[in-house]
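# Descriptive analysis of the structure
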Amino acid sequence: MTTSENDLIRRAQTGDTEAFCELAKGYQRRLYLLALHYCRQREDAEDLSQEVWLKAFRAIGKFRGESGFYTWLRQIAINAFLNHQREKTVMRGDERTNIEWEELETSGDGFALEASLALDGENGMHQQLLVARVMDALGKLTPQHRLMFLLKHRDGMTYEEISREFGCSTGAIKKSLFRAVVKLRQHLGINVGTTDYAPLAANEKG
Amino acid sequence: MHDCQQTQERLVDLLFNELDAGHTSPLLAEAEDCQACREQYQSMVETLQVFDRAAEAASPAGDFWTGYSERLHAMLIQETQTHTFNNPVALAPRGEYQLTMLEDEGLTHRLLAGLRNVARDSRLTWPEFKRDPFGFSKRTATGYGLLAWRFFSQRNVAVAVSTAFVVMLSVVGSVIALEHLRAKQDALAAVGEEQLELVQMIDTEIPPEQKEPEKGAAGMANGKGGGSKPKQEKPQGGGGGGRQEQLPASFGKLPPAVLAPQILPPNPHPPTVAKPNLPVTPTIDADPVLFPPDNRPLPYGDPKSRATEISAGPGTGSGIGTGNQGGVGSGDGGGFGPGRGGNTGGGDRREGGGGAGGGGGGGGEDYNRTFNPKEVTRKAVITSKPEPGFTEEARKNNVTGLVKLRLVLSSSGSVTNISVVKGLPDGLTEKAIAAARQIRFNPAQKDGRTVSQWITIEYNFNIY
C-alpha cells in the first residue's frame, strides 16, 4: 500500500467520496471482472460490483489497515457474491426454474451480442463465440465452485486463503478446484485424447 | 510406482502453482512419463488458456471504465446524502469531531440539483405508480415509515425532538397567552374611558403660538389713539364679555367694528343654527377706523389672547373675554379692551378723532412727533417760498453769505420751531426767519397720516 493510497483511505474514512472514488479506480477493473465472470452478465456484474463498492464505502471507517486494501475489499466481495446468489434464489422463489432456464437461454447470446460491440471482423466473431462458450461453461459450475476457481485462477489466492474465506479445509478447496477445471474442460469440449475418463468420473462422484 | 489418479489429483497443484519448487519438477517429469497424465495436464492447461483468452476478450473497452467511475461516484454521492440524513455520525470515525458539510455549493445550485433529483425520481417511479397505484403508495408509505422509525429509534433522537417540540410549543403558547391578556386589558381600559363623541371638526388653522401684541396696538389703553372724527382726539372706552367658560378666551379675529350698539355679540364657537333665515353679522361697538376689516379665516376671538383652545372666556353677558357685556376683552361694554361702554382705548367711552392715528391704545407709532425727512413716506412739498430781501445796513456793509435755518413743517400746515443753524449779521438772519414763516407747503405723510417733518432751508444773500 503506497502512501498516497493510505492518504486516500484516510480521507475516505472521513466520508470523502472523491477520495474513495480515486481509491476505487485502482481496483475497479479487477473487481468488475471478477463480478463479470461470476455473474456472466454485464448488468449483473455492474450491479454487484457497485454494491460491493457501496458496502466498502459504508464500512471503510472500520478498515484498520491490518491487511491490504484489496484483500479487505475482496472479503467484502466474496460475502456479497455469495449473498447475492442466495438473495436471488430466495427473492425469486417460485420463479427460479423459469429464470434459470432464461439464463441458460440468453446468457450466451446476450454476451455474444455485447461482445460484438467491442470487437469486430472475423477475429471478433471467433472471440464472441469463445466468450459465449466460456461463459456458458462457467454457468455450469456451482456458484461456490465458480467463485473458488475465479479466486484461485484470476486472483491468485492460495488454498489457505480461499479455505479461510469459505470456511472449509484446503483439501476440499483443492477437490472443488479440480472438479471445476474438469467441468469447464468438459463444457468447453476440450479433448483429453485417450484419457481414461471413467476413473475421473468415478472420482468426481466420490 | 506411478499412480495415475494420485498424480492427476496433484496436477491441480501444478496447474495453480501451489507446489514448492522442489516438488514441481518431479511431478512434471512424472506427468510427462505417463501419457494419460500428460494429456490430462495439457487439457487442463488448455482449459485455463481458453478461459484466459475469453476473459481477455470479455473485458470491456477503455471508455467503459470512465462511465463506471462516474456511476460509482454518483451512487456514492447519493449514498452520502441519504446516509448523512439518516445518521450523520456514522461516517465520522469514533471519537472524532466531524463537521457535517454536505456540499459547499450555492443555494441555487443545490436547489437545482434537488429539483433534478426529484424530476429523475418521479420519472423513474411514475411508470411503477401507474401500474400499481395502491401497491406503490403502500410501499412508499411503508418505506418512509421505516425510515422515520429508524431515525427516531436512534439514541436520544426521540428525546431531543420531543424536547424541541415542547419548548417551541411553550414559547408559542406563552406569546399567544400574553397577547390575549393584553387585549383583555385594553378592552377593560376602553370601557372605563368616557364615551366621547366627535361633534365638529374645526378646519381653520389656528396658529399654536401667537406673538405678544404690540404695546400701542388697539385695545391696549396705551397710546394717543385716533378715530374717525376729523379732529385728533384719543379714543376711550372698551368692552368685554364672555360666556362663563372655564378656559380663557381663545385667539381669533375681531368681528367688524361699527360705532353702534351691538345686535349680535361675537362668539368663537360656530353658530348653532347652520343657515339662519335672517343672518346677522356679529359686531363690536368700536370705531371702524381703528379696526381695519380682518379677512383671515379664523373664528372670532380675542386677538390679544394666546390660547388656542376654542373658548369664549369666563366673562359674562356673551361676547368674548373676561368682561361683563357683549364686547371682546376685559372691559364692560360692546367694544374692545379694557374700559366701559364700547369703543376702545380704556376709560369711559369716547370716540376718538384725527384719523386712524392709533387704536384704543394708539397705534404702534406716535404720529404726533416730528419726523426726519428720511422717515416719512411722502416728504412735505413746499408750494411757495417768499424771498427775504436785504437790509440797508447789510447793503452798506456788503454783507453776503448763507443763512441756514432748521424748522418744522407741521402736520397742521404751519411753520414752527425755527432755529438758526448759521446766521448773518445786519438783520439778514431775521429777514430769513420772517421769510421762512411765510412758507406754504403740503405736509408730509407717513402711513397715510399727515405728520410733522423737520427741514433745513438755506437763504443765500448775494449782492448783484
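Rules and cut-offs
- Residues numbered from 1 in each chain as written.
- Chains lettered and ligands numbered in written order.
- Predicted model: local features only at pLDDT ≥ 70, side-chain atom pairs only at ≥ 80, totals over all residues.
- Heavy atoms only, no water.
- Contact = heavy atoms within 4.5 Å.
- Buried area = accessible area lost by both parts, 1.4 Å probe.
- Salt bridge = Lys/Arg side-chain N within 4 Å of Asp/Glu carboxyl O.
- Polar contact = N/O pair within 3.5 Å; in protein donor to acceptor, adjacent residues only side chain to side chain.
- Helix = DSSP H or I, 4+ residues; strand = E, 2+ residues; numbered from the N terminus.
- Nonpolar A, V, L, I, M, F, W, Y, C, P; charged D, E, K, R; others polar.
- Phe/Tyr/Trp six-rings, centres within 6.5 Å; stacked < 30°, edge-to-face > 60°.
- Buried < 20%, exposed > 50% of the residue type's maximum accessible area, 1.4 Å probe, protein only.
- Lys NZ or Arg CZ within 6 Å of the ring centre and 35° of its normal.
- Core = buried A, V, L, I, M, F, W, Y, C linked by side-chain atoms within 4.5 Å.

Contacts between chain A and chain B engage 56 residues on the former and 42 residues on the latter. Carbon and sulfur atoms supply 64% of the area that chain A and chain B bury against each other, a total of about 4,600 Å² over both sides. Remark: the boundary between chain A and chain B carries five salt bridges. Residues B:Glu79 and A:Arg58 are paired through a salt bridge, measuring 2.8 Å at the closest nitrogen-oxygen approach. Inspection of the chain A/chain B interface yields 13 residue pairs in polar contact (both at pLDDT 80 or more). Elements represented by at least two residues in the side of chain A that touches chain B include exactly helix H2 (17-25), helix H3 (28-39), helix H4 (42-59), helix H7 (121-140), helix H8 (143-153), helix H10 (170-188) and helix H11 (197-205) of chain A. The residue inventory of the side of chain A that touches chain B, partitioned by class, reads 29 nonpolar, 16 polar and 11 charged.

Before going further, it helps to examine the packing of aromatic side chains. Residues and elements named next belong to chain A. Using the criterion set out here, one finds 20 aromatic pairs over all chains in the structure. For the pair Tyr27 and Tyr70, a centre-to-centre distance of 5.6 Å together with 20° between the ring planes defines the contact as stacked. Of this pair, Tyr27 sits in the loop between H2 and H3 while Tyr70 sits in helix H5 (residues 69-92); the two residues are 43 residues apart in sequence, bridging distant segments of the chain. The exposure class of Tyr27 is buried, given its relative accessible area of 14%. Take Tyr70: its relative accessible area is 8%, and that puts it in the buried class. Every member of this aromatic cluster is reached through a ring pair, and the members are Tyr27, Phe63, Phe69, Tyr70 and Trp72. Between the NZ or CZ atom of Arg146 and the centre of the ring of Tyr38, over which it lies, the distance is 5.0 Å. Across the ring face of Tyr159, the terminal group of Lys152 is positioned such that the distance to the ring centre comes to 5.0 Å.

What follows deals with the nonpolar core. Counting 87 residues, the largest nonpolar core has A:Trp53, A:Ile60, A:Phe69, A:Leu73, A:Phe81, A:Phe149 and B:Phe16 as the members making the most contacts within it. Here this core gets 11 residues from one element, more than from any other, and that element is helix H3 (residues 35-58) of chain B. When near neighbours in sequence (up to four residues on either side) are disregarded, A:Phe149 contacts A:Leu138, A:Arg154, A:Leu177, A:Ala180, A:Val181, A:Leu184, B:Phe16, B:Leu48 and B:Phe51. The next biggest cluster of nonpolar side chains, apart from the first, holds 24 residues, and it includes B:Val399, B:Ala432, B:Ile439 and B:Phe441.

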